[in-house]
Amino acid sequence: MLILECPCCGVKADETELTAGGEAHLKRFGPGSADADFESYMFARKNPKGVHFERWRHSYGCGKWFLAARCTATLEVFGTYPAQTTEPPADLIAHIKARRPGWEGDK
């Protein structure tokens, strides 16, 4: 079972209290953008086996969105952080690299 700690209210919640919101840190394209950019934003998503950054909502708790880093193969959770963050915190990246030697992120 997947258990994430909401950084907004501090509650550790299992996946039945949460709603997955897809990939985190996407650049949004809207009206006035090129068709290819908008199509990419709407439909193209990474689906890696390994470390992945995702959006989650604490639906049956505080109701706020947050971001999480986890391994899609093992369900290991590396950490969570506020949704307003534009990139993963440096300490979280260091923690992932300590747990997954050789991991380079989105390269």
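Our subject is the structure that appears above.
This write-up is about the structure you can find in this document. This structure is a prediction, so every number in the text was calculated from the model and none was measured. (Residues numbered from 1 in each chain as written. Predicted model: local features only at pLDDT ≥ 70, side-chain atom pairs only at ≥ 80, totals over all residues. Heavy atoms only, no water.)

**Focus: a nonpolar patch on the surface**
In step 1: A cluster of nonpolar residues, Phe38, Met42 and Phe43, forms a patch on the protein surface that exposes about 330 Å² of accessible area.
In step 2: Its place among the elements puts Phe38 in helix α1 (residues 35-43).
In step 3: Accessibility expressed as a relative area gives 36% for Phe38, which makes it partly exposed. (Patch = residues over 30% accessible without salt bridge, like charges linked within 9 Å, V, L, I, M, F, W, Y side chains within 5 Å. Areas by Shrake-Rupley, 256 points an atom, 1.4 Å probe, with all protein chains shown as cover. Salt bridge = Lys/Arg side-chain N within 4 Å of Asp/Glu carboxyl O. Helix = DSSP H or I, 4+ residues; strand = E, 2+ residues; numbered from the N terminus. Buried < 20%, exposed > 50% of the residue type's maximum accessible area, 1.4 Å probe, protein only.)

**Overview of the pattern of salt bridges**
When their charged atoms lie close together, side chains carrying opposite charge are able to pair.
In step 1: Evaluated as defined, the whole model comprises three salt bridges.
In step 2: Arg100 is paired through a salt bridge with Glu76; the nearest N and O atoms lie 3.0 Å apart. Of this pair, Arg100 sits in the segment after α2 (90-99) while Glu76 sits in the loop between β5 (65-71) and β6 (77-82), and the two are 24 residues apart along the sequence.
In step 3: Assessed through its relative accessible area of 24%, Arg100 is described here as partly exposed.
In step 4: Note on Glu76: relative accessible area 18%, which makes it buried.

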